[in-house]
Amino acid sequence: RVLHAIPSNDDVVAELTVLSTRAKLIYRAIMLATSSALLISCVIITLFLSAFETFPIGAVIAVLFAAAIIALIGALLLFLREVFLATRVLRIGPA
């Protein structure tokens, strides 16, 4: 709301656009990393449960683990993309 009072400057708008894109990338990366951790937790719980009962859960563990790894890879790729974006627009020294 306060930004609407500032006179429009192309550099400011471009910088805000980049910051908005970076925030979205970081949000998605954190979401995927958290999902990966939760899936690994489900794998561990499933392994503990299988120690007490004899369920054929090999396929369940494999699917959960594969999903966790895919989510982790996605999170790392999004973080890497955000780092590339941040360093691309990095300005060192006087403008």
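Being a predicted model, the structure only gives us computed values, none of them experimental.

Sorry, what's going on with the overall build of the protein chain here?
A tally of helices and strands in the protein chain yields two helices and zero strands. Taken across its 95 residues, the protein chain has 18% of its residues classed as buried. Considering only contacts within the protein chain whose residues lie at least 6 apart along the sequence, 73% involve residues at least 24 apart.

Help me understand helix α2 (residues 58–88) in this model?
For an α-helix, 3.6 residues make a turn, and residues three or four places apart therefore share a direction. End to end, α2 covers 45 Å across 31 residues, agreeing with the expected 45 Å (1.5 Å per residue, within 8%). All of the buried residues along α2 are Ile 61, Leu 64, Ala 68, Ala 71, Gly 74, Ala 75, Leu 78, Glu 82, Leu 85 and Ala 86. Here the buried face of α2 lies against α1 (10–52).

Just to check I follow, could you spell out the pattern of salt bridges for this structure?
A side chain with one charge may pair with a side chain of the opposite charge, provided their charged atoms come close. Under the counting rule described, the total for this entry stands at one salt bridge. Between Glu 82 and Arg 22 there is a salt bridge whose closest N-O contact spans 2.5 Å. Residue Glu 82 is found in helix α2, and its partner Arg 22 is found in helix α1; the two are separated by 60 residues along the sequence. With a relative accessible area of 25%, Arg 22 lands in the partly exposed category.

Which parts of the structure should I look at to understand the nonpolar core?
In globular proteins that are soluble, nonpolar side chains generally tend to be buried together. Within the largest apolar cluster, five residues are counted, these being Val 18, Leu 25, Ala 29, Leu 78 and Leu 85. Listed by contribution, the elements that provide at least two residues to this core are α1 and α2. It is α1 that provides the largest number of residues to this core, a total of three residues. If we skip the residues at most four places from it in the chain, Leu 25 touches Leu 78, Arg 81, Glu 82 and Leu 85.

What counts and how
Per chain, the residues get numbers from 1 upward, laid out in the order the sequence is written. For this predicted model, a pLDDT threshold of at least 70 governs which residues receive local features, and a threshold of 80 or more governs which side-chain atom pairs are given and counted, while totals over whole chains, interfaces and linings are taken from all residues. Water and hydrogen atoms were dropped before computing side-chain values, which therefore reflect all heavy atoms in the structure. Per the convention used, a helix needs a DSSP run of H or I reaching at least four residues, while a strand needs a run of E reaching at least two, with both numbered from the N terminus. Summary of the burial criterion: residues with accessible area below 20% of their type's maximum are buried, those above 50% are exposed, and those between are partly exposed, where the area comes from a 1.4 Å probe applied to protein chains only. Contact criterion: two residues are considered in contact whenever any of their non-hydrogen atoms come within 4.5 Å of each other. The length a helix should cover is 1.5 Å for every residue beyond the first. By definition here, a salt bridge exists when the distance from a side-chain nitrogen of Lys or Arg to a carboxyl oxygen of Asp or Glu is within 4 Å. What makes a nonpolar core is a set of buried Ala, Val, Leu, Ile, Met, Phe, Trp, Tyr and Cys residues whose side-chain atoms join them at distances within 4.5 Å.

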